[in-house]
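Each chain, letter by letter, is given below.
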Amino acid sequence: MKIGLLTLTPSHNYGGILQTVALYSYLESLGHEIVLIDSRSYTPIWKKLIFKVLEITPFQNIRNKRELKIKAFQLAPFLKEFLPNVSEEIYQSTHLKQLVEKDKFDAVVVGSDQVWRYQYIKAGDYSVYFLNFKVDFPVKKIAYAASFGKDNWEAPAEIEKIKTLIKEFKAVSVREKSGIDLCRDLFDFKDGKYVLDPTMLVGDEFYEKFIVGCVPAVATTSVVTYILDENNSKTKVVNAVAKSKSTADKSLQIVNLGKKHNGKFYSVEDWLSNIKNSDFLITDSFHGMLFSILFKKQFLVIGNSERGLARFTSFLSIVGLESRLLSPENSFGFEGIVNSVIDYENITLEIEKLRVISKQFLLGALE
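Described in the following lines is the structure provided in the data block.

Calculation notes
- Residues numbered from 1 in each chain as written.
- Predicted model: local features only at pLDDT ≥ 70, side-chain atom pairs only at ≥ 80, totals over all residues.
- Heavy atoms only, no water.
- Phe/Tyr/Trp six-rings, centres within 6.5 Å; stacked < 30°, edge-to-face > 60°.
- Helix = DSSP H or I, 4+ residues; strand = E, 2+ residues; numbered from the N terminus.
- Buried < 20%, exposed > 50% of the residue type's maximum accessible area, 1.4 Å probe, protein only.
- Lys NZ or Arg CZ within 6 Å of the ring centre and 35° of its normal.
- Salt bridge = Lys/Arg side-chain N within 4 Å of Asp/Glu carboxyl O.
- Expected span 1.5 Å × (residues − 1).
- Pairing = 2+ DSSP bridges.
- Contact = heavy atoms within 4.5 Å.
- Axes fitted to C-alpha atoms, helices over the stretch in contact; angles between N-to-C directions.

## Quick notes on the packing of aromatic side chains
Reasoning step 1: Counted by the stated rule, this structure contains 24 aromatic pairs.
Reasoning step 2: Centroid distance Tyr226 to Trp271: 5.2 Å. Interplanar angle 80°. Geometry classified as edge-to-face. Note that Tyr226 is positioned in strand β8 (residues 222–226) and Trp271 in helix α11 (residues 268–276), a separation of 45 residues in sequence. Each member of the pair Tyr226 and Trp271 is classed as buried.
Reasoning step 3: Following the ring pairs from residue to residue traces out a cluster consisting of Tyr14, Phe78, Phe82, Phe206, Tyr207, Phe210, Tyr226, Trp271, Phe291 and Phe295.
Reasoning step 4: In this structure, Arg117 is placed above the aromatic ring of Tyr120, and the distance from its NZ or CZ to the ring centre is 4.6 Å.

This is the structure in structure tokens:
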């Protein structure tokens with residue numbers, strides 16, 4: 001089959017890149033031809049020019065534009081190698097329809113990441129992510145691990161439109177249990193399924209090939225952090241954890257994967273390698289949490305309310321790791337987390353069961 005894969009187009013976020021690569025690669029391993037649909041939000045010309053100036057002007061980082069551009073440039077070779085088949089840019093549902101007609105897709109899969117979180121997709125034609133197109137040949141519309149990010153829908157005025165669009169899907173799966181409730185209670189879609197995020201659809205052996213030959217940032221033991229939204233409270237937690245886990249003969253160094261190392265941002269390979277080789281990991285990132293679990297690390301998650309807590313709590317409750325989540329309102333309650341040790345035996349078995357269910361969902365949807 002020829003399959004269009006639609007997600008939040010990856011550029012500089014490690015989790016966004018890896019979830020796309022994982023799903024692209026898994027679908028390709030089934031014998032299908034995959035095209036990553038390059039979906040973008042429309043930006044007026046005047047705003048594009050301002051952003052371009054900010055990206056190329058040195059000695060400033062207004063709105064983080066320059067640093068993100070540099071990071072995306074440095075990560076681009078990984079994207080090019082492992083996501084080789086990419087469509088032209090599309091900006092609205094009419095463009096999606098034209099692309100589907102031109103490429104004669106047999107199926108379009110939307111997911112994963114927060115493709116159904118209105119706050120993230122409202123800047124463009126949000127209906128693109130609900131596959132708003134009609135063509136005169138059969139195309140299977142499938143949602144895989146689509147995420148609302150939160151346990152509520154942020155645009156009540158759009159509910160009726162989405163009800164119509166979601167009924168055209170052959171199969172819908174979501175990444176949070178609360179997403180099943182939203183599909184049923186708001187959009188009248190009663191057959192939504194829970195599946196794993198694509199990064200866990202494949203096992204840790206999938207990622208081993210990326211990190212062969214990588215050298216961790218420090219040769220000694222380390223506390224690795226991947227914090228998307230830094231603040232003083234989180235910094236205090238990181239420093240306190242490093243101090244509490246250090247001993248007279250073992251001082252844990254802090255490796256910050258969100259910052260540059262030796263003048264460059266971490267490559268995707270080095271990002272993975274440092275998580276795998278850490279002694280303890282602290283993150284407020286959903287995918288930072290998932291890779292801690294994939295690599296069977298001891299970790300602590302600081303709740304990130306702005307980016308959506310539902311995706312954290314849903315998965316942690318399923319694998320019995322709710323106690324690893326530190327409330328953003330109580331960032332000093334970390335001692336119990338640090339002093340407890342995760343036994344991964346049962347967790348690994350549960351993930352394996354969910355992996356089988358997730359693969360069965362995709363295989364059934366593509367039949």
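## A word on the pattern of salt bridges
Pairing is possible between side chains that carry opposite charge, provided their charged atoms lie close to one another.
Reasoning step 1: Considering all chains together, one arrives at 20 salt bridges under this definition.
Reasoning step 2: With its nearest N and O atoms 2.8 Å apart, the salt bridge here joins Lys102 to Asp103.

## Comments concerning helix α3 (residues 65–82)
Reasoning step 1: Look at α3: 25 Å from first C-alpha to last across 18 residues, which is about the 26 Å you get at 1.5 Å a residue.
Reasoning step 2: Along α3, the residues that are buried comprise Arg66, Lys71, Ala72, Leu75, Phe78 and Leu79.

## Remarks on the pairing of β8
Reasoning step 1: Among the 5 residues of β8, 5 are classified as buried, and the element is accordingly described as predominantly covered.
Reasoning step 2: Bridge count between β8 and strand β9 (residues 253–256): 4 bridges; the pairing is parallel. Paired with Ser222 across the bridge in β9 is Gln253.
Reasoning step 3: Summarising the sheet, β8 and strand β10 (residues 280–283) pair through 4 bridges and their orientation is parallel. When the bridges of β10 are listed, Tyr226 appears paired with Thr283.

## A word on helix α13 (residues 310–318)
Reasoning step 1: Most of α13 is tucked away, with 7 of its 9 residues classed as buried.
Reasoning step 2: Turning to α13, its buried residues number three or more, namely Ala310, Arg311, Phe312, Ser314, Phe315, Leu316 and Ile318.
Reasoning step 3: Following α13 by one or two positions, Gly320 has its phi on the positive side, about 75°.

## Section: the sheet that holds β9
Reasoning step 1: Spatially, 5 strands are ordered β9-β8-β10-β11-β12 in an open sheet, and the strand pairing comes out parallel. The outermost strands of the open sheet, each flanked by one partner alone, are β9 and β12 (325–326).
Reasoning step 2: The strands touched by helix α10 (residues 232–245) are β8, β9, β10, β11 (299–302) and β12; relative to β10, the strand with the most contacts, the crossing angle is about 170°.

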